Every structure is written in structure tokens, then in C-alpha cells.
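Structural characterization, general
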Amino acid sequence: MTVADPAGHSSRRSMRFSEALAGYGFVAVPMVLFLLLNVFAFFYAIYISVWKWNLIRGPVSFLGLQNYADVLSDPTFQKAVENSIYYTVIWVPLTMAVGLLLAVVVNQKIRGQTFFRAAFYFPAIASSAAITMLWIFMAAPDGLFNAVREGLGLAPLFSLFGFGPNQNWLGDYHTALDSIILLNVWTTSGTFMLLYLASLQSISHEVYEAAAVDGAGPWQAFWHITFPLLRPGHYYVATVAVIGALQVFDQAILAGGPNGDPNNALMFIVLYLYKTAFTDFNFSKAAAVGLVLFVIVFAATLLQRRVFGGEPAW
Amino acid sequence: MRRFIAVLVAAFIVASCTGSSPSPSSSAPSGAAGSSSPSGGGGGGWDPTSISGPAVLSGWQSSPAEGNALTQTLLGFQSTYPNIKVDYEPLAGDYPTVMATKFASGDVPDLFYVDASYAGTWIDQGYLAPLDDYIQKSGFDTSQFFPGYASIFKGADGKWYGFPKDGNTIAMAYNTDIVKDPPKTMDDLITLAQSLKGTNGLKAPLCLNPGLDRGLAFLFAQGGSLLSDDGKTETIDSDASKTAVQWYMDLFKNGLGMTASDMGDGWCGDSLGKKNAAIIFEGGWLDPSMVSTYPDVKYAWNVMPTGSSGSPVTISYTVSYSIGAQSKNKDEAFVLLSYLTGKEGMTKWTEGGVALPSRSDVPTPQGKDVLVSESSYAKPGSGFMPGYNDVQKAFQDAFTAQIQNKTFDAGPVVSATATAVTKALSQ
Amino acid sequence: MVSQARRLGGAGTLAAPSAPPGRRRGRWLRALAYAILIAYAVVMFVPFAWSVITSFKTLPDSVRLSFIPQPFTLEGWHEAVQTLTPPLPLIFLNSFAIAGAVTLTNVVLGSLAGYAFARLRFPGRELLFLIVLGTLMMPDQLRVIPVYLILKTFGLTAGFGQYVGVVVVAAIAGTSIFFLRQYFLSIPRDLEEAARMDGAGFFTTFWRVMLPLATPAIAAVAILQFQGSWNSFFWPVILLQDNAKKTIPVALYTFRTLSSGFSTNWPPLMAVIVAATIPILILYIFFQRYFVEGLAASGVKG
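Each chain carries its own residue numbering, running from 1 in the direction its sequence is written. Each chain gets a letter, beginning with A, and each ligand a number, beginning with 1, in the order they are written. Residue-level local features of this predicted model are given only where pLDDT is at least 70; pairs of side-chain atoms are given and counted only at 80 or more, and the full residue set underlies all totals for whole chains, interfaces and linings.

**A word on the overall build of chain C**
Per the convention used, a helix needs a DSSP run of H or I reaching at least four residues, while a strand needs a run of E reaching at least two, with both numbered from the N terminus. Along chain C, the regular secondary structure elements total 15 helices and 0 strands. Neighbour density around each residue's C-beta defines its exposure: 20 or more other C-beta atoms within 10 Å make it buried, 12 or fewer make it exposed, and counts between make it partly exposed, where C-beta atoms are placed from the backbone. Here chain C holds 302 residues, and 55% of them are scored as buried. Look at the contacts in chain C between residues 6 or more apart in sequence, and 76% of them connect residues 24 or more apart. Once C-beta atoms are placed from the backbone, any two residues with those atoms within 7 Å are in contact.

**So, the overall build of chain A**
When helices and strands are tallied, chain A shows 14 helices and 2 strands. The C-alpha radius of gyration computed for chain A amounts to 25 Å, which surpasses the reference 20 Å derived for 314 residues by more than 25%, pointing to a less compact arrangement than a globule. Taken along its principal axes, the extent of the C-alpha atoms in chain A is 80 × 70 × 30 Å. Split into buried and exposed, the 314 residues of chain A put 53% on the buried side. Taking the contacts inside chain A whose residues are at least 6 apart along the sequence as the reference set, 68% of them involve residues at least 24 apart. Atoms counted for the radius of gyration: C-alpha only. Globule rule: 2.2 Å times the number of residues to the power 0.38.

**Concerning unusual backbone geometry**
The residue after D261(A), namely P262(A), is reached through a cis peptide bond having omega -5 degrees. Of note, the amide linkage connecting Q70(C) to P71(C) takes the cis form, showing an omega dihedral of -5 degrees. Relative to the assigned elements, P71(C) resides in the loop between α3 (59-62) and α4 (75-83). Phi at F281(A) is positive, roughly 55 degrees, even though this residue is not glycine. Position of F281(A) relative to the elements: it lies in the loop between α13 (269-278) and α14 (283-308). For F281(A), a count of 22 C-beta atoms within 10 Å puts it in the buried group.

**Thoughts on the sheet that holds strand β9 (residues 299-302) of chain B**
Residues and elements named next belong to chain B. In spatial order, the strands read β7-β6-β8-β5-β9; together these 5 strands make up an open sheet with mixed pairing. Edge positions in the sheet fall to β7 (257-258) and β9, since each of these pairs with one other strand and no more. Judged from the 4 bridges that link them, strand β5 (residues 171-175) and strand β8 (residues 279-282) form a sheet pairing that is antiparallel. From the neighbouring strand, A171 faces β8, where its bridge partner is E282. Two strands form a pair only when DSSP identifies at least two bridges running between them.

**Here's the deal with the pairing of strand β3 (residues 111-115) of chain B**
Residues and elements named next belong to chain B. Of all 5 residues that make up β3, 4 are buried, and the element is covered over most of its length. Across 2 bridges, strand β1 (residues 53-58) lies against β3 in parallel orientation. Within the sheet, the bridge partner assigned to S58 lies in β3 and is F112. Of the strand pairs in this sheet, β3 and strand β10 (residues 315-322) are connected by 4 bridges, and their pairing is antiparallel. The residue of β10 that forms the bridge with Y113 is Y321.

**Regarding the interface of chain B and chain A**
Interfaces are often sized by the accessible area lost when the parts come together. The partner chain A presents 29 residues to the 34 residues of chain B that form the contact. For the side of chain B that touches chain A, the secondary structure elements donating two or more residues are α1 (2-20), α2 (23-26), α3 (28-31), α5 (95-105), α6 (116-124) and α17 (388-404) of chain B. Ten residues, namely Ala, Val, Leu, Ile, Met, Phe, Trp, Tyr, Cys and Pro, are considered nonpolar, four, namely Asp, Glu, Lys and Arg, are considered charged, and the remaining ones, Gly among them, are considered polar. Grouping the constituent residues of the side of chain B that touches chain A by class yields 11 nonpolar, 19 polar and 4 charged.

**Some thoughts on the interface of chain C and chain A**
Contact residues are listed per partner, giving 91 residues for chain C and 86 residues for chain A. Broken down by element, the side of chain C that touches chain A gets its largest block of residues, 14 residues, from helix α15 (residues 266-298) of chain C. Its residues assigned to classes, the side of chain C that touches chain A comprises 65 nonpolar, 17 polar and 9 charged.

**Remarks on the environment of P86(C)**
Mapped onto the elements of the fold, P86(C) is located in the loop between α4 and α5 (88-119). Separated by 35 residues in the primary sequence, P86(C) and S51(C) have C-alpha atoms spaced 23 Å apart.

**Description of the nonpolar core**
Soluble globular proteins: nonpolar side chains tend toward being buried together. Nonpolar cores are identified as sets of buried Ala, Val, Leu, Ile, Met, Phe, Trp, Tyr and Cys residues joined via C-beta atoms within 7 Å. Counting 320 residues, the largest nonpolar core has C207(B), A277(B) and L336(B) as the members making the most contacts within it. With 15 residues, the top contributor of residues to this core is helix α1 (residues 9-49) of chain A. What L336(B) contacts, discounting residues up to four positions off in sequence, is A55(B), L57(B), F77(B), I84(B), V86(B) and L111(B).

**Observations regarding the environment of N83(B)**
By the secondary structure assignment, N83(B) is in the loop between α4 (64-80) and β2 (84-88). Apart from residues lying up to four places away in sequence, N83(B) is in contact with T49(B), I51(B) and S52(B).

**Some points on the confidence of the model for chain C**
Residues and elements named next belong to chain C. On average, residues of chain C score 81 in pLDDT, and 86% of them are at 70 or above. Across the chain, each position has a pLDDT score giving the predictor's confidence in that residue, from 0 to 100. Of all helices and strands in chain C, the one with the weakest mean pLDDT is helix α1 (residues 2-8) (33), whereas helix α8 (residues 161-170) scores best (94). Contacts of residues 1-21 to residues separated by more than four positions or lying in other chains number 41 contacts, the stretch itself having pLDDT below 50. In the predicted assembly, ipTM is 0.85 and pTM is 0.88.

**Looking at the confidence of the model for chain A**
Residue and element names in this part refer to chain A. Here chain A shows a mean pLDDT of 87. Residues at 70 or above account for 95%. Per-element confidence in chain A ranges from a low mean pLDDT of 77 for helix α9 (residues 205-213) to a high of 96 for helix α2 (residues 66-73). With pLDDT under 50 throughout, residues 1-5 is counted as low confidence; its partners more than four residues away or in other chains account for 4 contacts.

**So, the environment of L269(C)**
One can find L269(C) in helix α15. You can call L269(C) buried: it has 29 C-beta atoms within 10 Å. For the pair L269(C) and E79(C), spaced 190 residues apart in sequence, the C-alpha separation works out to 9.2 Å. Not counting the four nearest positions on each side in its chain, L269(C) is found in contact with M133(A), R256(C) and S263(C).

**Remarks on the packing of α5(C) against α8(C)**
All names here are of chain C. Helix axes are fitted only over the stretch in contact, all axes being lines through C-alpha atoms; the angle between N-to-C directions runs from 0 to 180 degrees. It is the contact of α5 with α8, at a shortest axis distance of 9 Å, that shows an interaxial angle of 40 degrees. With respect to each other, α5 and α8 are oriented oblique. The interaxial crossing formed by α5 with α8 has right-handed handedness. Contacts between α5 and α8 involve I98, A101, V102 and T105 from the first element and Y163, V166, V167 and A170 from the second. Angles are sorted into four bins: roughly parallel if under 35 degrees, roughly antiparallel if over 145, roughly perpendicular if 65 to 115, and oblique for all others. Crossing handedness is defined as follows: a turn of the near helix away from the far one that is anticlockwise and smaller than a right angle gives a left-handed crossing, while the clockwise case is right-handed.

**Observations regarding helix α10 (residues 218-229) of chain A**
Residue and element names in this part refer to chain A. For α10, every residue scored as buried is listed here: P218, A221 and T226. In an axial view of α10, the angular spread of the buried residues amounts to 55 degrees, which keeps them on one side of the axis. Among the exposed residues of α10, those pointing more than 90 degrees away from its buried face are W219, Q220, W223 and P228. The reported arc concerns the directions from the helix axis to the C-beta atoms and nothing else.

This is the structure in C-alpha cells:
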């Protein structure tokens, strides 16, 4: 699409020039901040990662890739990667599915639509620190969770899976990670619902009407029309979700402390980075962790481009 | 796709030209304040009353009671040394994280808390100022500190890098309504716990910690150990230690003990307060918390029961006041330090009931007789070896796995811990 | 603003594509839909109700499954208010001021940059945009020390500078630019071109024509950023070192770590949580339309 150019050749050039000038002007402040606080900080972190680093004196001795070797061979780090991947693989699709389900349901002509949308989104706006503490309270052995389970007579069902009446959901390393996943499904599904609603609402009515004429039921209509048409929505939500999932931190440190207790169940990559930097005071190794994480996030993002194909967003 | 990557790589190459060249030099300003030799000097005279100026004091604040006690102590200091203006700035949030940013930027308080668990690292990395010149000039008497506390704040070079501001020993606190006759030995403890099991609405008779935090005291009591006497090799993977760990684990196995978390509590103090457990093993910090949160629960202290090792033993925790290598007002800070860790200041501070004196010449605060009586024989509970955090983590992770898998085998715990100790010692 | 969002969605597409074919099945589906909605709303609602109820309980009562506190007590609230430093109003003021500033900078800087990346042609645009995306992949923990040193150089780690520092770090998020760029891309070019034909400059075109069209997206960015800043934990803990400058999450964390372990003295803890949630709840009730419609109407347009 070319801009119609009423004037001649030279004015087109000056147009170009002033357009570029405007462009630089518009992006100047954010780019300065990014170059300073992200790009510079990033390369500074790379620089730190190849040294033995002292906070006062800076580089003490050159280690080359030693920090990276240390990180990659540390079983705790491997556990952190495993947990982060598990978290991502479970949490992202689950939250997307719940978000999509809610979006589809809320999108129907129903009473109280506004109320439901508002209610579902609310956990996302409350402070994550507050919500995590609330979750800790509810998941405690004598907390609401177990009490309700008992009250509903579900105890026999749970005992099939080996859970006693006083199961310590966040304290037992078998269930801690899943409990945190559930917490974040709860808090984030509302956000995903809203993102999906936007996509749903941009699907034209006629498509459905045509499908109805062809005798497709709502189930077929959803799977054969809605779901594929939502592809840009899936892509955006999944990208944002995966990047967020690989950087999960607040909930982990509030529930399990810097050691990822119990038994590394809540040890994630960012938590490992944090512990290395601020409990062990090893900043260069922490920087190496950050770069490994960056590579993982980057790879995951590329992978998603592959999966979703095309270039819908960028 | 290929183009996408190419552009991205180009982006970072370009960015690196702008980014990486200044980065080596940017560390320079933070190193400027590195030297730590005390100013003044020359004549060797030291008159603390002649020193005037500001001193910034920082630490974390773990309870309102602690804040009050410190305020009282600082009032005492101000009346003795009116020329030094103390600015108390407690740090919110995660203390080591905040201090790390302060070290990096050179904006360091003049006097601050250093927990035993990271004191060694901070000393090694040069974040703390050595105090020996000041000690010499001022004639400050360091001999009164209990050695178990003081040794932690000496560097590999034998110099002092902080004085223990106080200490705490781990002792047994028990609910006096339930326990009439506190056990003297570990065997008595087991007998008592067995008789209490399932009574009084207790979730378990004992609240126990699944790690070395408290477990180390039991390990020592039952004749086990972590390190050889010279501190050079691990001794946790020995029959004696393994037996001790197994003994501790059996407390969980037999339902005599439970973790605070499994009782739904944040720590064992909550378990005692909520009457989930009758006997817990904590330090002096329990007292203000019980008074403010669980005033109706009657409890008393007794020394750690004696185990198969035959002699009384327990562990202790401590925190120092240290001066930063980059602190700006070192003279003022040392005057404040010598007051706070001296007889007068520590007397005022420990009267607040939060902690025990780390000096033997300070009178025992009210209600702390039992805890203080352990001070002379308590062994350090942290900070006694490099990389101890990793050792604790290894032990606790393996121990937790054994409890939660209901396998209760000390073997894997011992070997995981031994590996961690060896690794920590080799670094 | 809302009606504008509807118009923008494209002819009538925002009207919900409901009314599935087949009347009888429709009724079934509707019942199912209501069941899901109500069940999920209960799941959303119960934890918050539980925290309110618990805040009025005594400690022994707090672990019982009872929905009426027995006895009803204000002690938890009393303790919460007494123990919190700084006092609650100041904590809220800090949180509001910081979140407000962060929201404003993100809206202003984000819409300018988003527009430029969507519509203006200038050398290096792609590369700069990739840097924007790259920032999304970087964990804050990686850059905390360098960023702190940079802020320190500019005097933003002490005194009032702490507020400025915390705002600067969050002043512009890569997501804000990304989001607004996507939205500007979806606006037809015709209007803009008409304005340009009339001789309007780039800024005037942006300001007069494009910005009003982007209000739903701007509302969404504002909401996301306000919410993000309100919840933000990591940077405020590091940068707001004066007690009087604490925000809600920092105060919450400090409150929980008071006493030697993690406290499980639930009633006051729940009181703090409720107190921290009420202002955002009020805000949400008043501006709920903008929160929800803004985000929903501007989200993903492929």
C-alpha cells in the first residue's frame, strides 16, 4: 500500500526524512530506556558471567565458561529446569483451555454476562503476594481445601490416590508443584478469557450461520470453525503464557522460600538464579543462569512460531 | 524464519557495540571505596567521646519487640555519646538481596547485621572491614565473647570482621499444662512422647524440623557429627552419624514428631501456641512471639536433653554487628559497635527479651536462665564451615524425601549430605 | 469508549455469536453454560470470602470450617493495623502513586512507540522492534545488579529518587508497545491517509486521528500496567528501602516474616490481605467496564 503522493520527487524524499525523524522521535524515550536497562544490562550480565565476580571490586579472575559448566552440571539446576518445563507444559495448555472455555461460555447470550466476566477476571488484579498467602492458608493441612473435601465426603476418593485427610498440599513435595500450578490457573484464566474473548468476537456471524445451514452442531462448529479461526489468539496467548511460565517466581519464593522447599519441588529457574545470587552471593554464576534461561525462553518462542506457523504477530 | 534469526542476531551485535564497551569500566566506581584502614591513625590515641558525626545503622526487624528493644538501647547510646548521631534504618524485604545492591553501589550502612550463615562469604569476598586496628587502639575487650559465637566472625586471616551482637541457643520449650516433668535425656524424651501421643488434642507430641536447622543438635546429642575435629573432612557418612540420623528420623516414623508445616503451622512456635505440639526446640525468639500471639499458653524452658553422647550439647545461632569495607563513617561506627556489643549496651539490648547475651559478663536477662546456661557448651549451628547452606539444603531435601515417601531410611540422607560437605570443603 | 470499541471491532462482529442451532440442544447447552459459570464463579469467590470471614475469627476458630466467626472479634484487624509499618493509608498512597505513574508512562510512551512501529517507516525499525521483543524474554533477576548500579549513577536509589527509580524501571514495558503496535496495525489506513492528505504532521495525525481510535487498547494497557505495578514485588523490595515508601506487596511480605518464622497467625494475616485487596476491588467495581471491555475489545487481532 503506497501513500498517494501529491507533490513531486524531492518532496517525497523530504517526506521520507521527516517520517523517519518522527519515527525516531516517537520511539526515542522507550528505546533509550531499553538500551540502558535491558540491552546494556544484558551484555553487562554476559560480561559478569565469565568472571569470578566481586560486588565491590568487580571482576576478580577470568573463568571463561566455567560458570556455565557449573550451572549445567548442578543437579539442583537440572531439577529447576525440569520443574520449569513441567510447569510450562501443564500450566500453559490448562490455563488456555480454561480461559477459552470461559470465553466461549461467557460469549453466549446469557444473563449476568458482565458479572461473570468481572468475577472471573478479579483474581488476576488482586496482589499476587496476597493471593499466594491466601492459597497457603487454604492448602494447609487443616485448611479450607481439606475441610471442604472432608465435608463433601470426597475423602475416600482422594485416599485412592494416597492422600490422607490432612494432606499438606504445599508442604509435600509430591503435590507442591501441582498446587502452585492450580493456583496460577485460578489467577490467570480470567486474563486468558479476556484475551480469547477479543478473538472470538472478531469471528464473523456469517461463518456460524453458514455452518448451521450445513447442519453442523455447536460441537462441530466449535472444533471446525471457531477453534481454527482463533489461531492468532492462540498464538498471542501462548507466547505470552510461555514466557511468563518460564519466569515464574513470586509464588515459588513465597510458598517455598529460596531453597524451593520441599525437596526442590518449587525450585524454578528464576528462583535458582535468585538463590545463587542472593543466598550464595555468586553473581557470576547467577548471570550464567540468566543467560541459560534467556536461551531456553528464546528457543521456546521460536518453537512456538514453528508450531503456530506463519508470521501472525511478528 | 532465517531472516528473523539473522535480524535478531544483528540486533544484539549492534547492541553489543553500544553496550559492552562501557561495561568493564563501569565496575570501577564501585571499587573506589575499597580500602578500609581506619582514618585518624598516627598518634594511636582513641577517645570515643571526641568522635562526632553520623552513623547509619541497619538490620532486619523480625518483630515489634525487637524494634522496641533496639530503640531503648540506642537511647542509652545517645545519652553516653551525644556527639554521634545514630540513624537507624531497618531494611525491608530480603536482607541479603538488599545488602548486595548496597555493596555493589558502595552505598553501605556504617554498621549492620550479618547473620552467621553468610558471614563467612561476606568476609571472604571483602565486604566487611577488619576491626583489629580499632580493637588495638581502643583496647576493646573481646575475651568476654562466648567462643562459639565469636569464632564465626573471624576471617581466614585471623582478623575480626564483626562482634556477635547477641546469640541464641536451642533449648526445649514445653507446654507446662501437658508436660509436668521435662525429660532430661533423649530416652526420657521418647518415653514421654510415646505417652503423649494421641492425647490432649496434639497432632504430635514433638514439633521437629526436617533439616539440620535443629536436627544438628540431635545429631550431636546422639553421638553423630558432620565434620572431623580439624574441620577438613566429612564424618556424616559414618556409622555413628548414620545411627544418630536414623534415630532422629524414627521420631517422625513413629509419629512422635511432625514438621510444623505438616501441622499447618509456619514454624514450631506456632505449633506450641496452637497446642498442636507439646514440646518444641527453639531459641529465645520464641518468648516475645508467645507473649504477643499466644499469651494464654503456659510454657517453660529446659535444656536440650542429653543423648547417647553422654554430655550436654546443643547448637547456637548468632548475628554480628559489622562495619562495611565501604562504610563512610567507620570511626563513628566502631564507637557504636563497641557500645552495642559492650557490656552496657548488650545488657540493655538483651533486657528486651529477644536474644541472649553473647558475652559472659552481661547479666542473664529475666526468664532466660535455661538458654543462657547452654551458652558455654553450645556449638555453632551455622557459619562454621564454607558452603554450609548447600549442606543444609542437601540434608533437608533428602530427609524430606524420606519422610514424605514414608521410607524413613537414613542412608540416602547421610550420603547426600556427605557429598555436599565434601563438595563444599573442596571449594 | 466502550461503544467505540464495539464499532471498531468491525461491522457487527462484536455481537456475540451465540444462539447455536437446534432449539432443544440449545436449552441443554444453556443449562450447561450456567452450571459452568456459577460453579466457576463460586470457585473465584469462596477464597476471598474465606479470607474476610477468617479475619474476624480468633486463631483457634480460624482452622474450623465455619462460616460465621465464633466469637466475632476485631482482634485480627487490630493487630494488623497496629503492626503494619508504615500505616496502612501511607502504604496505599505509595502503591497508588507508583502504579499511577507507571500507568501514565506506559500509555504515553507505549502509544507513541506502538504507532511508530506500526506505521512510520524509518531505518532500523525492525531491529529496534526486535529489541523490544527481546526485553520480554529477560528475567528481572538477571539485570538487577546492573540496573541498580545505573539507577545509583543517576541518584535514583535514595530519598525521593527511590520512587522515581521504581517508576523508571517499569516506565515502559515491551508488552505495552507490542500490544499497541498490534492494535494500530489493525486500524484501517484510510482515516490516517485522509488526515495526511489534509497536510497534518505525523504527530498531529497520531494525536488527532489515531490516538482516539486506540482508546480501547490504551485502556487495556493502562489496566494491565496498573495491575502489574500494583502487584509488583521484586523491584519495590529492592528499590524502596525507606520504610515510609513501602508498597502493599512489600508490606505484606514483611508482615508475614515478622516473628522468627513465617507466621501462621491467620486472622491478622487475612486482615492484611483483605485490606490490601479492598481498594483494588473498589476500583475494579467502578471501572470494571474499562478493565474488562478494554482488554476484551483490543486483545488479539492477529
